[in-house]
Amino acid sequence: MHRPVLLNEVLSIFNPQPGEKYVDATINGGGHATAILERIGPKGKLLGIDWDCALIAKLKDKSKKTKNLVLECGNYADIKSIARKYSLDKIDGILFDLGFSSHQLEESGRGFSFLRHEPLDMRYNIYENTLTASEIINTWPRKAIEDILRRFGEERFAGRIAAGIIRARNSKRVSASDELADIVGRCVPGIRRGRIHPATRTFQALRIAVNHEMDNLGQGLRDSAALLKPQGKLVIISFHSLEDRMVKIFLKEKQKEGVLTLLTKKPVAADAAEIRVNPRARSAKLRAALITSNQ
Ligand SMILES: C[S@@+](CC[C@H](N)C(=O)[O-])C[C@H]1O[C@@H](n2cnc3c(N)ncnc32)[C@H](O)[C@@H]1O
């Protein structure tokens, strides 16, 4: 089960009221959305978006009787057209809880985890997205692999890992997630061992590249600011420094333009009690803003 991260903090910032309208741009299993739905009541409306159609199908099944919820399998980069489809404007709050969930890591069978023997896929959406991690690993030139490891994984050993991948694939196609993790482990010097798994950054980089995560996030944030009503709130939870940097720069620029006011000078982090029950919360950073004008 996926536990919603920083749930109390999200609720205290949004402070959802009966009749209000929200978008959960990354609804997944509905952890945050369920709590918001309870507060906005039958007169409110929540649009839940997720790019993973299997998750949306499951949620649709579970929530047949929830009248104030509409669900769409889609990319949050298309939040504007999705909101239009459901006649949603002047929204009170939009939530982005980025990345992937424990459910996808452990049960999707799509190779998100370096601890499992699964095909190297890593797509959130297997219908709209044709690029897979396997294609990158088995067909891209060494330099292109090195570039994404450096750019999206901030991996110090990008060159060595890319060379190791090419060596391995020259003798046999790399087809499973645990195989790739072993190859990476053999390329990284001993000092890296210990704190995080040596394949962590490689897997992060591949996931970001496969799903065009940085481009989608940029587009999603820009359009969300325009969809919110004045006094509406934008809340973003990120899990690695690339995402957090993009969110921080975006919010600062929009503040300068007079579009919004930052509600969090510093990112909000989970406390020790939450991290104890949900280790995933350790790297979570929440930033939030209040819309002051609609440009
Ligand atoms: C951390 S989970 C969200 C968990 C959710 N807040 C909860 O409490 O259950 C992130 C979700 O974002 C989805 N996602 C990733 N990229 C997306 C995109 N471009 N558009 C829509 N959803 C996306 C993933 O499929 C995943 O389900």
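Note that the structure is predicted; figures quoted are calculated from it, not measured. (Residues numbered from 1 in each chain as written. Predicted model: local features only at pLDDT ≥ 70, side-chain atom pairs only at ≥ 80, totals over all residues. Heavy atoms only, no water.)

### Some thoughts on the pairing of strand 2 (residues 45–50)
Then step 1. Burial analysis of strand 2 places 5 of its 6 residues in the buried class, the great majority of the element.
Then step 2. As judged from the 4 bridges shared by strand 1 (residues 21–24) and strand 2, these two strands associate in the parallel manner. If you follow Asp24 over to strand 2, its bridge partner there is Gly48.
Then step 3. Considered for its hand, the β-α-β crossover made up of strand 1, helix 2 (residues 31–40) and strand 2 is right-handed.
Then step 4. Bridge analysis of strand 2 against strand 3 (residues 69–73) gives 5 bridges, and the strand direction is parallel. Across the sheet, residue Gly48 finds its bridge partner in strand 3, namely Leu71. (Buried < 20%, exposed > 50% of the residue type's maximum accessible area, 1.4 Å probe, protein only. Helix = DSSP H or I, 4+ residues; strand = E, 2+ residues; numbered from the N terminus. Pairing = 2+ DSSP bridges. Right-handed = clockwise from strand over helix to strand, strands pointing away.)

### Regarding the domain arrangement of the protein chain
Then step 1. Taken domain by domain, the protein chain comprises domain 1 (7–103 + 213–291) and domain 2 (130–210).
Then step 2. Taken over C-alpha atoms, the centre of domain 1 sits 31 Å from the centre of domain 2.
Then step 3. Every contact between the two is made by 9 residues of domain 1 and, on the other side, 6 residues of domain 2.
Then step 4. Counting each side, the surface lost to burial between domain 1 and domain 2 is near 650 Å², with a carbon and sulfur contribution of 51%.
Then step 5. Looking at the side of domain 1 facing domain 2, the largest losses of area belong to Glu213, His240 and Leu242, adding up to 64% of the total buried there.
Then step 6. For the interface between domain 1 and domain 2, the tally reads 2 salt bridges.
Then step 7. Residues Glu154 and Arg245 are paired through a salt bridge, measuring 2.9 Å at the closest nitrogen-oxygen approach. (Domains from an automatic or database assignment. Contact = heavy atoms within 4.5 Å. Buried area = accessible area lost by both parts, 1.4 Å probe. Salt bridge = Lys/Arg side-chain N within 4 Å of Asp/Glu carboxyl O.)

### A few points about empty space enclosed by the protein
Then step 1. Scanning the entire structure with this criterion turns up 2 cavities of 30 Å³ or more.
Then step 2. Roughly 320 Å³ of volume is contained in the largest cavity.
Then step 3. Thr26, Asp50, Tyr76, Asp97 and Gly99 are, among the 27 residues lining the largest cavity, the residues nearest its centre.
Then step 4. In terms of residue count, the dominant contributor to the lining of the largest cavity is helix 2 (3 residues).
Then step 5. Considered as a void within the structure, the second largest cavity measures approximately 30 Å³ in volume.
Then step 6. If you trace the second largest cavity, you find it lined by Tyr76, Leu98, Gly99, Glu213, Met214, Leu217 and Glu243. (1 Å grid on protein atoms, 1.4 Å probe; cavity = no way out; pocket = protein on both sides within 12 Å on 5 of 7 lines; lining within 4 Å. Points joined across faces, edges and corners; volume = space filled by probe spheres on them.)

### A closer look at the layout of surface pockets
Then step 1. Estimated volume of the largest pocket: approximately 1,300 Å³.
Then step 2. Secondary-structure elements contributing two or more residues to the lining of the largest pocket are helix 5 (102–107) and helix 10 (200–210).
Then step 3. Per element, the largest residue contribution to the lining of the largest pocket is 5 residues, and it comes from helix 10.
Then step 4. When its residues are assigned to classes, the lining of the largest pocket shows 12 nonpolar, 12 polar and 10 charged.
Then step 5. Looking at which domains feed residues into the lining of the largest pocket, each of domain 1 (7–103 + 213–291) and domain 2 (130–210) gives three or more. (Nonpolar A, V, L, I, M, F, W, Y, C, P; charged D, E, K, R; others polar.)

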